[in-house]
Each structure stands twice: as structure tokens, then as C-alpha cells.
Amino acid sequence: MPRVFSGIQPSGDVHLGNLLGALRHWVAGQWEWDAVHCVVDLHAVTVPQDPAELRASTLRLTQLLMAVGLDPEVCLIFVQSHVREHTELAWLLQCTVSFGDLRRMNQFKEKSADADFVSAGLFTYPALQAADVLLYDTDIVPVGDDQRQHIELTRDAAIRFNSRYGDTFVVPRHRIAEAGARVMDLQNPTSKMSKSAGEAPGTIWLLDDPPAIERKIRRAVTDSLGQVRYDTVNQPGVSNLLDILGAATGRPAADLEEEYDSYGTLKGDCADAVVALLEPIRRRFAELEADPGHTQGLLRQSAERATEIASRTMGRAREAVGFLPGGNWGW
Ligand code: ATP
Ligand code: LTN
């Protein structure tokens, strides 16, 4: 069975873009593939984090993943820092990708542009991401459109490593679903909805209650053209609402435009569809949140299973590079 791997950062609460662009495909994929999903806390510390908040959001994100429908009995859900091989392979891959490759990464350019402090880790972040994927012999990486470049870099890193040192890694490919691949901020529809950079009124959080969802969608920025057209260049706000409605109801956004002639009815239907999508998630999350020990127990077991796979791949990589056996962990 092909393996899929994907990661999500505990850098803030999960939003509608994460759900439509990534998580719901992960949920569907767990039945089709051998699925591995990771809460990537090592990635989150590329920018400063409050330690207590990071701990809490790592647990909370795990619970949210289960609330959206990832079942730890069906797929593997684990925390990145619980498996040391991620940092170890990241080093080898930092020595495999080039400075020029990393400098071209859009996410680095966006995240470093207005930052007072830019860590070296933010720059080398894609090498850690490549390590995540390659450690699990991944065939397919389901992500939103913003991650396309990172997965291409991962492929290049695997190909370069294999050609330098001999066949070591499976070369993965990305899978970007069309609908919901790029949900935009409701207040700023030319920027993607984002956990860390999002404007509160422009971001729908998975745990928002129905009145908050309705208010945010009612106030979403549109335009003064007065026509409902799917045109992401001239009508980014309206197109975003059509995208969200389409992704939430399973219909192509471009088909929906004919059914609406006012922004008010489009917003009303969009809000109803999002409320219906998020209500069951909120309910399941409340149950999981009430028993943190249960989630922590599951994470301990999944760290063991993940380590088994990752340590095998890491052993191959160490041998391929030419490291002398003799480490005190049995290598
Ligand atoms: P941050 O703002 O901290 O970078 P993020 O909101 O981009 O966070 P990630 O943890 O980086 O979220 O991404 C998790 C998954 O959600 C990835 O597969 C990513 O492609 C997808 N994703 C993130 N934002 C969107 C969006 N606005 N629309 C569709 N998919 C998205
Ligand atoms: N960089 C990704 C999160 C991420 C990831 C991964 C996604 C880290 N490791 C491995 C897919 C596969 C992001 O910012 N969304």
C-alpha cells in the first residue's frame, strides 16, 4: 500500500484553510493509504514560541486532528520531536540541498520579510521537512498549494542523495487537491488564510462557534462590481467565498457562480455550509479535550511505531554516507 506522509505545525489554532486544503484529504486518505501524520513542533520553533503554549498547542493540535476524523487506530499520528531521527536526517539533508535552493523558497521569503529576527532554522526549514518525508519511505505528500515548492525540493534532495551515495530514499511526489487548495484570508483575500500571520476577523478557526463564523463571513471583503463571478484576479474576495462554499459542499466553485446574483445570499449560504462542516468537529474536540491523558497515551505508542520506521531509514542513510559504526545507541 502506498505510504502518505504530511505534517502540520502547532504554531497556532487550526483554521478553515488547513481543513479544506489538507486535513480533510488526510482523513479520506487514511482509508486508502498507509498514512502517517505528524505534528511538527520542531518546525514551529523556527520562530520564537512560548514554551507553555507550545506544549499546550501540540496536545491540542493532536486532539484537533482526531476531532476532524484522523483515527489513531487507522493511521499513525505522532509528534515530530518524539522521534530524534528527524533532526539527525535534517543535518544530512542540509548538506545535500544547496544554499541557492533554500534562498529561492517562497515561504522563507514571506516569513523573513518583516521579521526582526530570522533564525538559521527558518532558512534550513525545508531540509527538516524533507527529512520528515524521507524517513518514512513516503510515496505521496498531500499538502496545500503553498507547500508545492518544499516538496519539489524534497524530491530533488532525495534524487541528489541517491545519486551521490546510492539508492537510499524513496522519491516522493506531492498531491495537491484542487478544491480548497488555497483558502484566502477573508479580510485580505490576496493573502492565504494562515495560522501565524492571520488577521483574527479574516480567519475562521475550526473551533469558532456559529455566530463567530456567520459574523466573519458576513464581513468578508468583496468588491464593488456587484456580480458573482469566479475570477481570482479581479474578484478575489468573491472567488474565495465560492471556493469555500464549493469545498464545503463538494461542488466546483466555478459551477456555483451561476446560482448567485447577490453577495448577501452567497455569504449566507457559505456561512451555513461552514457551520455545518465545523459543528461535529467542535463536538468531538470537546470530548477529547476532557481527557488529555488518553491522547498522551496514544502519542507515546505512536512515537514507538514511528521510531521503528524512522530508525531503519536513518541506519541506511548513515551507512550510505560512510559514518563509522560504533555509536552508543547500537549503531
Ligand atoms: P503558518 O501560518 O504557521 O505557516 P499555516 O496556516 O500555513 O501555518 P501549516 O501548519 O503550515 O499551516 O500547514 C498545514 C497544512 O495546511 C499544509 O498542508 C498547508 O499546505 C495547508 N494550508 C495552510 N494554509 C492553507 C490555506 N490558506 N489554504 C489551503 N491549505 C492551507
Ligand atoms: N512545512 C509544512 C509543514 C510540514 C510538512 C512536513 C508538510 C512539515 N513537515 C512534511 C508535509 C510533509 C507547512 O508549513 N505547512
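Report on the accompanying structure.

Thresholds, definitions, all that
Residues numbered from 1 in each chain as written. Chains lettered and ligands numbered in written order. Predicted model: local features only at pLDDT ≥ 70, side-chain atom pairs only at ≥ 80, totals over all residues. Heavy atoms only, no water. Helix = DSSP H or I, 4+ residues; strand = E, 2+ residues; numbered from the N terminus. Expected span 1.5 Å × (residues − 1). Buried < 20%, exposed > 50% of the residue type's maximum accessible area, 1.4 Å probe, protein only. Near = heavy atom within 4 Å. Polar contact = N/O pair within 3.5 Å; in protein donor to acceptor, adjacent residues only side chain to side chain. Areas by Shrake-Rupley, 256 points an atom, 1.4 Å probe, with all protein chains shown as cover. Pairing = 2+ DSSP bridges. 1 Å grid on protein atoms, 1.4 Å probe; cavity = no way out; pocket = protein on both sides within 12 Å on 5 of 7 lines; lining within 4 Å. Points joined across faces, edges and corners; volume = space filled by probe spheres on them. Nonpolar A, V, L, I, M, F, W, Y, C, P; charged D, E, K, R; others polar. Phe/Tyr/Trp six-rings, centres within 6.5 Å; stacked < 30°, edge-to-face > 60°.

### Remarks on helix α13 (residues 292-321)
Every α-helix winds through 3.6 residues per turn, so residues three or four apart in the chain are directed the same way.
Turning to step 1, where the next piece is worked out: Compared with the 44 Å implied by 1.5 Å per residue over 30 residues, the 41 Å span of α13 between its first and last C-alpha is a close match.
Turning to step 2, where the next piece is worked out: Of all the positions in α13, only Thr295, Leu299, Ser302, Ala303, Ala306, Ile309, Ala310, Thr313, Met314, Gly315, Ala317 and Arg318 are classed as buried.
Turning to step 3, where the next piece is worked out: Of the residues trailing α13, Gly322 is marked for its positive phi of about 105°.

### Quick notes on the site of ligand 2
Turning to step 1, where the next piece is worked out: The full set close to ligand 2 counts 14 residues, and Gln9, Tyr125, Gln129, Asp132 and Gln147 are the nearest of them.
Turning to step 2, where the next piece is worked out: Between ligand 2 and Tyr125, the relevant distance is 2.6 Å, taken from a nitrogen atom to a side-chain nitrogen or oxygen of the residue.
Turning to step 3, where the next piece is worked out: Between ligand 2 and Asp132 there is a distance of 2.7 Å, counted from a nitrogen atom to a side-chain nitrogen or oxygen.
Turning to step 4, where the next piece is worked out: Protein chains shield 92% of the accessible area of ligand 2, which is 370 Å² for the free molecule.
Turning to step 5, where the next piece is worked out: Residue assignment for the shell around ligand 2 shows that the elements contributing at least two residues are β1 (3-8) and α7 (120-135).
Turning to step 6, where the next piece is worked out: Ranked by residues supplied to the shell around ligand 2, first place goes to α7 with 4 residues.

### Here's the deal with the pairing of strand β3 (residues 76-79)
Turning to step 1, where the next piece is worked out: The side-chain alternation of β3 yields two buried faces, one formed by Leu76 and Phe78 and the other by Ile77 and Val79.
Turning to step 2, where the next piece is worked out: As paired strands, strand β2 (residues 34-39) and β3 are joined by 4 bridges and run parallel to one another. Counted as the bridge partner of Val36 is Leu76 from β3.

### Considerations on the layout of surface pockets
If you roll a probe as big as a water molecule over the atoms, it shows you where there is empty space left.
Turning to step 1, where the next piece is worked out: For the second largest pocket, the calculated volume is near 270 Å³.
Turning to step 2, where the next piece is worked out: Taken together, Asp41, Pro51, Leu54, Arg55, Thr58, Leu59, Val79, His82, Gln296, Leu299 and Arg300 make up the lining of the second largest pocket.
Turning to step 3, where the next piece is worked out: Among the elements of the structure, α3 (51-68) and α13 are those that each provide at least two residues to the lining of the second largest pocket.
Turning to step 4, where the next piece is worked out: Among the elements that take part in the lining of the second largest pocket, α3 stands out by supplying 5 residues, more than any other.
Turning to step 5, where the next piece is worked out: The class makeup of the residues in the lining of the second largest pocket is 5 nonpolar, 3 polar and 3 charged.

### As for the packing of aromatic side chains
Turning to step 1, where the next piece is worked out: Using the criterion set out here, one finds 6 aromatic pairs in the structure.
Turning to step 2, where the next piece is worked out: Where Phe5 meets Tyr136, the ring centres are 5.3 Å apart and the plane angle is 20°; that geometry is what we call stacked. Here Phe5 is found in strand β1, whereas its partner Tyr136 is found in the loop between α7 and β4 (140-142), with 131 residues between them in sequence.
Turning to step 3, where the next piece is worked out: Note on Phe5: relative accessible area 1%, which makes it buried.
Turning to step 4, where the next piece is worked out: The buried category is assigned to Tyr136, whose relative accessible area is 0%.
Turning to step 5, where the next piece is worked out: A centroid spacing of 5.0 Å and a plane angle of 70° characterise the contact between Phe108 and Phe123, whose relative ring orientation is edge-to-face.

### With respect to empty space enclosed by the protein
Turning to step 1, where the next piece is worked out: Applying the stated criterion to the full structure yields 2 cavities of 30 Å³ or more.
Turning to step 2, where the next piece is worked out: In terms of lining, the largest cavity is formed by Thr62, Met66, Pro72, Ile77, Thr295, Leu298, Leu299 and Ser302.
Turning to step 3, where the next piece is worked out: Counting residues per element, the lining of the largest cavity draws most heavily on α13, at 4 residues.
Turning to step 4, where the next piece is worked out: Along the lines of polarity and charge, the residues of the lining of the largest cavity split into 5 nonpolar, 3 polar and no charged.
Turning to step 5, where the next piece is worked out: Of the voids in this model, the second largest cavity is the one considered here, and its volume is about 40 Å³.
Turning to step 6, where the next piece is worked out: Every residue along the wall of the second largest cavity is listed here: Met105, Gln107, Phe108, Lys111, Leu122, Tyr125, Pro126 and His150.

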